[in-house]
Amino acid sequence: MATRDPRWVLKDRPSFALIIGLVLTGICALVSFSFDVFNGAPVQFFIALALALAPVPLLLAAVLALDRMEPEPRSNLIFAFAWGAGIAVLVAGVINSLNLHYIIDTAKLSEASARNLAATFGAPVVEETMKGLVLLGLLKFRRAELDGPTDGVIYASMVGLGFAMSENVSYYLGALSTSGVKGLAVTVVLRGILSPLAHPLFSSMIGVAVAYAAQRSGPERVTYVLAGWSGAMILHGLWNGLASYGGFPGLVVAYLALLVVLVVLVGVVFRDRRRIVALIQRFLPPYEPTKLVTQADIYMLATFSRRRQARQWARAHGGKRGLRAMRDYQLAATELGLLHERAARRMVDEHTFHEEQRALLECMSTARADFPVPSMHARSVARGSPPPGYAPGAPG
């Protein structure tokens, strides 16, 4: 009977549903941008678009730097970003516009006062709800991908970056149209340089909550999600309110609040990283009799610096093939530890556990077979000793 390539547990094959979703998000992004084009001259639109796109590669790199130990599927990350840049920003923009006109007509306020009111109390609810929907989708349909709060932060940051990028186009275009180059420069500084992570930080409240909910069952899951959603809306409303009504002192307080949230989230990510290392150290030693795991391997997998050292060693002695083998081994070993945790939490049934366990062990076996073995160290490697440079400082 034919079997699947064991690397299916590591491969990221886009599904038909994903392709359809990306098409829909792309259409929504085009519709949203078309509104911006109609509201301003095409030249101004492309200037605004270029300025909005400029910091995105750097911001994406900063977010993905947190996702090195157990990288998330690229298709999921792309969809989260596209959701924020397309569907979320379009729907939120339409609802916010309708809400603004409703406030002006019913409360008889000036447009400026109505905008401040809508930005403080209306926009946070609408925008965080639209961004949070994709995170709820992950909880419902891709629960196994949410292995901890780090994953929640990653996905939330991706949807937040997509949303902020598209929203900035509108803000930059509006500033350029009404206040000229000077107004554009001020807006770019405030939104693109001083607060590029605002939306990702807001959404991360939901992301962390959804990740915790994914590790649990029962009514408490709803409590976690509602708490995260409330936190995101409150933080967003606080930011908008202080910026709208607080003047310069309000901006200072708003930036300090974001800084505190950023520091807390970084702490959460580092704590989660230690948890994953503990899982590796707990669940992988029983596999030593298979010869797929040694004490040197566990030592190497425990830190980013030693993982990087091992990849450098593999590339130096085995070229691209050796590097790929080491990457596959590190990822499969990490996924094996996380699989055991999911089984302990009863997040996977016994059949699924054994199927994925077998595939991951086959991946590790295939990867080890491609590890480079310098001829001068072949005998020591055969006796089970790690070759020099593979995991410096590991037990011999």
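If you look the chain up in an unreviewed UniProt entry, it shows as PrsW family intramembrane metalloprotease from Nonomuraea insulae.

Let us look at helix α4 (residues 74-107). One full turn of an α-helix is made of 3.6 residues, so residues set three or four places apart face in the same direction. Here α4 is 34 residues long and its end C-alpha atoms lie 46 Å apart, about the 50 Å a rise of 1.5 Å per residue gives. At Trp 83, α4 shows its maximal kink, close to 40°.

Bringing the packing of aromatic side chains into the picture now. Under the definition given, this model contains eight aromatic pairs. Taking 6.0 Å as the distance between ring centres and 25° as the angle between the ring planes, the aromatic pair formed by Tyr 212 and Tyr 224 counts as stacked. On the criterion of sequence distance, the pair formed by Tyr 212 in helix α7 (residues 198-214) and Tyr 224 in helix α8 (residues 220-245) is long-range, its members being twelve residues apart. Taking 5.0 Å as the distance between ring centres and 90° as the angle between the ring planes, the aromatic pair formed by Trp 239 and Tyr 255 counts as edge-to-face. Of this pair, Trp 239 sits in helix α8 while Tyr 255 sits in helix α9 (residues 247-283), and the two are 16 residues apart along the sequence. The buried category is assigned to Trp 239, whose relative accessible area is 11%. Through a chain of ring-to-ring contacts, the aromatic side chains of Trp 313, Tyr 329, Phe 371 and Tyr 390 assemble into a single cluster. The positively charged end of Lys 131 is found above the aromatic ring belonging to Phe 163, 5.4 Å away from the centroid.

Attention now moves to helix α3 (residues 56-64). For α3, the set of buried residues is Val 56, Leu 59, Leu 60 and Val 63. The arc that holds every buried residue of α3, seen down its axis, measures 100°, which confines them to one face. Exposed positions of α3 whose direction lies more than 90 degrees from the buried face are Pro 57 and Leu 58. The secondary structure elements touched by the buried residues of α3 are α2 (42-53), α4 and α6 (149-193).

Packing of α6 against α7 leaves a shortest axis separation of 7 Å and a crossing angle of 150°. What the angle tells us is that α6 and α7 run roughly antiparallel. Judged by the sense of rotation from one axis to the other, the crossing of α6 with α7 is right-handed. Along the contact surface, α6 presents Pro 149, Gly 152, Val 153, Ala 156, Ser 157, Val 159, Gly 160, Leu 161, Phe 163, Ala 164 and Glu 167, while α7 presents His 199, Pro 200, Ser 203, Ser 204, Gly 207, Val 208, Ala 211 and Tyr 212. Tallied by class, the residues present in the contact of α6 with α7 amount to eleven nonpolar, seven polar and one charged.

Moving on: unusual backbone geometry. The backbone phi angle of Lys 291 is positive, close to 70°, even though this residue is not glycine. Its identity as a non-glycine residue notwithstanding, Arg 346 has a phi of 60°, on the positive side. Structurally, the position occupied by Arg 346 is in the loop between α11 (304-344) and α12 (350-369).

Right, let's get into the UniProt feature "transmembrane region" (unreviewed entry) in the chain. Mapped onto this numbering, the UniProt entry annotates "transmembrane region" (unreviewed entry) at residues 16-35, 41-65, 77-98, 118-141, 153-173, 193-214, 221-239 and 251-270. The span residues 77-98 is 100% helical and 0% strand by assignment, and the distance between its end C-alpha atoms comes to 31 Å. Counted over residues 251-270, helix gives 100% and strand 0%. Its end C-alpha atoms are 29 Å apart.

Let's shift gears to the environment of Leu 190. By the element assignment, Leu 190 lies in helix α6. Apart from residues lying up to four places away in sequence, Leu 190 is in contact with Ser 195 and Tyr 255.

Quick notes on the rules
- Residues numbered from 1 in each chain as written.
- Predicted model: local features only at pLDDT ≥ 70, side-chain atom pairs only at ≥ 80, totals over all residues.
- Heavy atoms only, no water.
- Helix = DSSP H or I, 4+ residues; strand = E, 2+ residues; numbered from the N terminus.
- Expected span 1.5 Å × (residues − 1).
- Bend = angle between axes of the 7 residues up to and from the residue.
- Phe/Tyr/Trp six-rings, centres within 6.5 Å; stacked < 30°, edge-to-face > 60°.
- Buried < 20%, exposed > 50% of the residue type's maximum accessible area, 1.4 Å probe, protein only.
- Lys NZ or Arg CZ within 6 Å of the ring centre and 35° of its normal.
- Arc of directions from axis to C-beta.
- Contact = heavy atoms within 4.5 Å.
- Axes fitted to C-alpha atoms, helices over the stretch in contact; angles between N-to-C directions.
- Parallel < 35°, antiparallel > 145°, perpendicular 65-115°, else oblique.
- Left-handed = near helix turned anticlockwise from the far one by under 90°.
- Nonpolar A, V, L, I, M, F, W, Y, C, P; charged D, E, K, R; others polar.
- UniProt positions renumbered as here; feature names shortened; annotations may be inferred.

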